[in-house]
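# Structure assessment
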Amino acid sequence: MAFDKDSIIASLKEASITDLNDLVKAIEEEFDVSAAAPVAVAAAGGDAAAAKDSYDVEITESGDQKVKAIKAVREITGLGLKDAKGLVDDAPSIVKEGATEDEANDIKAKLEEVGATVTLK
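Just so it is clear, the structure is predicted and the values come from calculations on it, not from any experiment. (Residues numbered from 1 in each chain as written. Predicted model: local features only at pLDDT ≥ 70, side-chain atom pairs only at ≥ 80, totals over all residues. Heavy atoms only, no water.)

### Things to note about the side chain of Glu-58
Stated formally: Helix and strand assignments come from DSSP, with helices taken as H or I runs of at least 4 residues and strands as E runs of at least 2, each series counted from the N terminus. Definition of a polar contact: a pair of N or O atoms within 3.5 Å, with one able to donate and the other able to accept a hydrogen when the atoms are protein atoms, and with sequence-neighbouring residues admitted only if both atoms are side-chain atoms. Working rule for contacts: check all heavy atoms of both residues, and any pair within 4.5 Å makes them a contact.
Among the secondary structure elements, Glu-58 is positioned in strand β1 (residues 55–61). Of the polar contacts made by the side chain of Glu-58, one reaches the side chain of Lys-121; its length is 3.3 Å. Discounting residues that sit within four places of it in the chain, Glu-58 has contacts with Pro-92, Ser-93, Ile-94, Val-95, Thr-117, Val-118, Thr-119 and Lys-121.

Shown next as structure tokens:
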């Protein structure tokens with residue numbers, strides 16, 4: 001028996017909705033399949049859209065006033081002179097990890113005030 005798709009399509013065009021519904025159910029039972037459309041779960045996309053609650057403050061350049069940048073880093077972090085100088089000299093480097101949005105913006109403002117370039121991550 002040859003498969004005649006044109007005659008099947010012609011039969012489907014003439015069928016009622018009830019007949020087509022019965023046909024789908026019969027095909028599902030016969031071949032153990034489902035005609036339901038798969039639903040994509042967008043869990044990863046939902047997490048990415050969530051508001052960020054902690055930021056890393058990174059000094060990318062010390063600017064022209066390097067000494068003032070070192071003083072600002074010492075004030076912000078409480079580090080000693082050598083460690084603060086190391087952070088500024090080794091830019092880009094993280095000044096503060098896990099800061100709240102307000103704290104990160106305050107730190108950024110203090111460092112930019114002395115000429116440093118800062119990014120929030």
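### Some remarks on the sheet that holds strand β3 (residues 117–120)
The strands that make up a sheet pair up through hydrogen bonds in the backbone, lying either parallel or antiparallel. As a reminder, the rule being used: Between any two strands, at least two bridges found by DSSP are needed for them to pair. Axes here refer to lines fitted to C-alpha atoms; in helices the fit is confined to the stretch in contact. Angles between the N-to-C directions go from 0 to 180 degrees.
Taking strand neighbours across the sheet as the criterion, the 3 strands line up as β2-β1-β3 in an open arrangement whose pairing is antiparallel. Two strands in the sheet have a free side with no partner beyond their single neighbour: β2 (93–99) and β3. Sheet twist, expressed as the average angle between the axes of neighbouring strands with direction ignored, equals 20°. Where β1 lies against β2, 4 bridges are found, and the strand directions are antiparallel. Residue pairing for β2: Glu-58 is matched across the bridge by Ile-94.

### Topic: the side chain of Ser-93
Convention followed: Buried, partly exposed and exposed residues are distinguished by accessible area as a fraction of the type maximum, computed with a 1.4 Å probe on protein chains only: under 20%, between the cut-offs, and over 50%, respectively.
In this structure, Ser-93 sits in strand β2. Residue classification places Ser-93 among the buried positions, given a relative accessible area of 12%. A polar atom in the side chain of Ser-93 sits 2.6 Å from the backbone oxygen of Leu-87. Excluding residues that lie within four positions of it along the chain, Ser-93 makes contacts with Val-57, Glu-58, Ile-59 and Leu-87.

### Here we look at the packing of helix α4 (residues 66–77) against helix α6 (residues 101–113)
Which entries qualify depends on this criterion: By the definition adopted for this analysis, an angle is roughly parallel if under 35 degrees, roughly antiparallel if over 145, roughly perpendicular if from 65 to 115, and oblique otherwise. In a left-handed crossing the near helix is turned counterclockwise from the far helix by less than a right angle, and in a right-handed crossing that turn is clockwise. Think of it as three bins: nonpolar holds Ala, Val, Leu, Ile, Met, Phe, Trp, Tyr, Cys and Pro, charged holds Asp, Glu, Lys and Arg, and polar takes everything else, Gly as well.
At their nearest, the axes of α4 and α6 sit 9 Å apart, and the two run at 155° to each other. When the axes of α4 and α6 are compared, the pair comes out roughly antiparallel. Handedness of the crossing formed by α4 with α6: right-handed. When α4 is examined against α6, the residues Ala-69, Ala-72, Val-73, Glu-75 and Ile-76 are found in contact with a partner set consisting of Ile-107, Lys-110 and Leu-111. Per-class residue counts for the contact of α4 with α6 are 6 nonpolar, no polar and 2 charged.

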